[in-house]
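Coordinate inspection notes
Spelled out, the chains give:
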Amino acid sequence: MTQIQATGARTARPIPPQAWFGVSAIFHYLGPSFAVLLFPAVGVLGVAWLRIASAALLFAPATRPWRTIAQAGARERWLLVALGACLALMNCSFYLALDRLPISLVATIEFVGTIGLALYGLRTGRNLLALILAMGGVFLLIDVRWSDNLAGLCWAALNGVLFVLYVVLGHRIARAGAGAGIERLGAAMAVAFLFIFPIGALQAFKAFDHPVLILAGVGVGLCSSVIPYVCDQLAMARLPRASFALLLTLLPASATLIGAIVLAQIPSLRDLGGIALVMAGVGLHRPAEIK
């Protein structure tokens, strides 16, 4: 038995960080696709409130945010406050954009800001070619459904800026490893709840008389803010920021597919070609070693 266990230990390999990101990419827009269906019943900001509140509640038993905040130094506390504020505002602006624009367009605008992160960390011609392929795929996808809804475009642009900030801050809390990063993520989510409480509470409280809506809100929080953010930490702890940013090109592709499955926003042949280019770029990319 001991020999078998030893052989298994030698052959077992850790799950690649790209696989964790793949799970995150699926849930990144799967949860919001269901959230859109709750907008008429709960309200946009009410759904954002339920998402963050349920995520903070789900994180609390495992991550003990009060302990993380109490043991943190001054700089780390400010980092947690910044990430918490970013999560709260990002989720609100994201939902306000989704209420006005197709999910694939919101995803594409969200991606644009991450191009700079990917360019900043490029080290080889191979990775430059990978980025060009992925960007070409995204620009094919950006033509899916443009909109003249100025308010929606502004909310989507704000969400894009905050998403870049989330990637930067998320990598900072992952520096000590995925386990410590997830604990800090739980603390940041608790801070996010404090920020969003006065913003969406009135809308969210309307759902408290309907248990089905509460359960649906918890499901949105699990699918949107627990599973994908935990997977992000597991990927960020082992990938350079530029490599993670390149993987973000998968998000417009996954949003197009999720939009087709959940929201009946059927992609065209051009969209499928864009998805193929994104996949080719991701497959070509080789991450640098984390120093």
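Residues numbered from 1 in each chain as written. Predicted model: local features only at pLDDT ≥ 70, side-chain atom pairs only at ≥ 80, totals over all residues. Heavy atoms only, no water.

Things to note about the pattern of salt bridges
As enumerated under the stated definition, the model contains two salt bridges in all. For the salt bridge of E76 with R184, the shortest nitrogen-to-oxygen distance reads 3.0 Å. Placement of the pair is E76 in helix α5 (residues 74-98) and R184 in helix α10 (residues 178-205), with a sequence separation of 108 residues. Using a relative accessible area of 17% as the deciding quantity, one classes R184 as buried. (Salt bridge = Lys/Arg side-chain N within 4 Å of Asp/Glu carboxyl O. Helix = DSSP H or I, 4+ residues; strand = E, 2+ residues; numbered from the N terminus. Buried < 20%, exposed > 50% of the residue type's maximum accessible area, 1.4 Å probe, protein only.)

Regarding empty space enclosed by the protein
Taking a probe equal in size to a water molecule and rolling it over the atoms shows the remaining empty space. Scanning the entire structure with this criterion turns up two cavities of 30 Å³ or more. Considered as a void within the structure, the largest cavity measures approximately 70 Å³ in volume. H28, P32, R51, M90, N91, F94, E110, N159, S224 and Y229 are the residues that line the largest cavity. For the lining of the largest cavity, the elements supplying multiple residues, two or more each, are α2 (17-42), α5 and α11 (211-236). (1 Å grid on protein atoms, 1.4 Å probe; cavity = no way out; pocket = protein on both sides within 12 Å on 5 of 7 lines; lining within 4 Å. Points joined across faces, edges and corners; volume = space filled by probe spheres on them.)

Topic: the nonpolar core
The biggest cluster of nonpolar side chains holds 61 residues, and the ones touching the most others in it are L87, Y95, Y166 and M189. Secondary structure elements with two or more residues in this core: α2, α3 (44-63), α5, α6 (103-112), α9 (150-173), α10, α11 and α12 (241-247). When sequence neighbours within four positions are dropped, the list of residues in contact with Y95 reads P32, A35, F39, V44, V47, A48, R51, V220 and S224. (Core = buried A, V, L, I, M, F, W, Y, C linked by side-chain atoms within 4.5 Å. Contact = heavy atoms within 4.5 Å.)

Considerations on the layout of surface pockets
Of the volumes computed, that of the second largest pocket is approximately 180 Å³. Lining the second largest pocket, in full, are R75, E76, L79, R172, R175 and R184. The greatest single-element share of the lining of the second largest pocket, amounting to three residues, is contributed by α5. The residue makeup of the lining of the second largest pocket, split by class, is one nonpolar, no polar and five charged. (Nonpolar A, V, L, I, M, F, W, Y, C, P; charged D, E, K, R; others polar.)

Examining the environment of I196
With respect to the helices and strands, I196 occurs in helix α10. Its relative accessible area of 0% is what places I196 among the buried residues. Along the chain, I196 and L87 lie 109 residues apart, while their C-alpha atoms are 9.3 Å from each other. Setting aside chain neighbours within four positions, we find I196 in contact with A48, W49, I52, A88 and C92.

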